[in-house]
Amino acid sequence: MYRELYRGDIKGAYLFYGYESLLLDNTLEYIIKKHTKKDFRSFNLIFLDGENLTENSLVSSCETLPVFDEKRVVVVKNMAEFTVGLKKNFYEFIDNLADFNILIFLDRNNELDKKRKFFKYFKENKRDVEFAKLKGNEVNRFVAEYFTLKGYKINTSDNMYFINKSNYNSRDINISLYDLKNEMDKLFSLADGDVVTKDMIDKSLSENIDSNIFKFLNALSSRQTERSLIEFDKLYSLNEPLQRILYMIIRQMRFMMIYKNLKEVGYNRLEIQKEIGISSYEFNKIADYSKNFKLKDLYNIHKNLTEVDNLIKTTGVNDKILIETLIISITSK
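In this text the structure is predicted, and so the values were computed from the model without any measurement.

## Section: the overall build of the protein chain
Piece 1. A tally of helices and strands in the protein chain yields 16 helices and five strands.
Piece 2. Against the globule reference of 20 Å for 333 residues, the protein chain gives a C-alpha radius of gyration of 26 Å, more extended than a compact globule.
Piece 3. On the principal axes, the C-alpha backbone points of the protein chain span a range of 75 × 60 × 40 Å.
Piece 4. Nonlocal contacts in the protein chain, meaning residues at least 24 apart in sequence, comprise 75% of its contacts between residues at least 6 apart.
Piece 5. Surface accessibility of the protein chain: about 18,500 Å² in total, with carbon and sulfur atoms responsible for 48%.
Piece 6. Taking the average location of the 52 positive side-chain charges in the protein chain and that of its 49 negative ones, the two points are 4 Å from each other.

## A few points about the sheet that holds strand β2 (residues 45-49)
Piece 1. With parallel pairing, five strands are arranged side by side in an open sheet as β2-β3-β4-β1-β5. Bordering the open sheet on either side are β2 and β5 (128-130), each of which pairs with just one other strand. Shown here is a sheet whose adjacent strand axes are inclined to one another by a mean of 20°, direction ignored.
Piece 2. Here β2 pairs with strand β3 (residues 72-77) via five bridges, running parallel. Looking at the pairing, I46 lines up with V74 of β3.
Piece 3. The sheet strands contacting helix α5 (residues 117-124) are β1 (12-17), β4 (101-107) and β5, and the helix crosses β1 at an angle near 110°.

## Overview of the pattern of salt bridges
Piece 1. Evaluation of the coordinates by the stated rule reveals 18 salt bridges.
Piece 2. Of the charged contacts in the structure, one is a salt bridge between R3 and E138, with a shortest N-O distance of 3.0 Å. Of this pair, R3 sits in the segment before β1 while E138 sits in helix α6 (residues 137-149), and the two are 135 residues apart along the sequence.
Piece 3. Taking the relative accessible area as the measure of exposure, R3 reaches 32% and is therefore partly exposed.
Piece 4. Shared partners join several salt bridges into a network, and the residues in it are R227, E231 and K234.

## Things to note about the nonpolar core
Proteins that are soluble and globular tend to have nonpolar side chains buried together.
Piece 1. Membership of the largest hydrophobic core comes to 41 residues, with the highest contact counts inside it found for F16, F147 and F162.
Piece 2. Going through the elements one at a time, β1, α1 (21-35), β3, β4, α6, α7 (156-166), α8 (177-188) and α9 (198-204) are the ones with two or more residues in this core.
Piece 3. If you tally residues by element for this core, the top one is α1, at six residues.
Piece 4. Apart from residues lying up to four places away in sequence, F162 is in contact with V143, L180, E183, M184, L187, I201 and L205.
Piece 5. Counting residues in hydrophobic clusters, the runner-up holds 37 residues, among them M253, I272, V308 and I323.

Conventions adopted
- Residues numbered from 1 in each chain as written.
- Predicted model: local features only at pLDDT ≥ 70, side-chain atom pairs only at ≥ 80, totals over all residues.
- Heavy atoms only, no water.
- Helix = DSSP H or I, 4+ residues; strand = E, 2+ residues; numbered from the N terminus.
- Rg over C-alpha atoms; globule rule 2.2 N^0.38 Å.
- Contact = heavy atoms within 4.5 Å.
- Areas by Shrake-Rupley, 256 points an atom, 1.4 Å probe, with all protein chains shown as cover.
- Lys, Arg positive; Asp, Glu negative; His and termini not counted.
- Charge placed at Lys NZ, Arg CZ, Asp CG, Glu CD.
- Pairing = 2+ DSSP bridges.
- Axes fitted to C-alpha atoms, helices over the stretch in contact; angles between N-to-C directions.
- Salt bridge = Lys/Arg side-chain N within 4 Å of Asp/Glu carboxyl O.
- Buried < 20%, exposed > 50% of the residue type's maximum accessible area, 1.4 Å probe, protein only.
- Core = buried A, V, L, I, M, F, W, Y, C linked by side-chain atoms within 4.5 Å.

Structure, rendered in structure tokens:
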């Protein structure tokens, strides 16, 4: 959908939302530059804050004629609260916007309730523009084009190697195009010439902390003692706070405990997932890992975790040794 905004003339109201803020920002910048002249943007480009916005002030902004431009761009940010309780005549106003208006609502942080009329209105009128995470060849093309834009060359296999090593395609790790772009910019600082190689990628891309946490929890939940200690040591060397590591262990064990408990009393998988409140992918992992533990063992582990958490918060004991001891006790069969 967002690519259509680059083709031909646009007018009316749009809702911008989605995971990839870089795509959203690029599209917004393109629209502004295409439809407003730099010298007259103080007249024809208006940013409104939805937290302090009224329907009347928005209508007023959209009724003002453009100056020496054919279009006027009005952008509403922080708009989630503004959308609650809008009257019927607001949607009539949106339906009848003058052709010189481009009105864009920005939902950057996914705060908008998609069950409310506001979102449904844009969805039904095909005015909702989602900037979703790229997939497959779209990611390959984005990376290759950015290298070219910056004057660097990379072959196809190294291009894919970079993407895989960046963890962008992982369902478990939140890596955005902004993160990907930052990693590419780091690569350029290592380049002697204009060619990006696999060796440069290996030197530049440090291991992602979130990726290491995922590997650590996998090993821990699979009750692999040696692997768990190795992955924990990696996290420690990356200065990951021990309190956060402990929190992730507690969270993992609690989810498995809830899963086994609800399963024993007759809940089905869909009901359990809804009760826990996690994604299908993570839920399936929890269900698989829970097979490695008896419910009574999980209760004991959770009790020990709580005690260690209190010790770390209230005493000066060696936190690292405490957690290493805890890992051994969890993974021992």
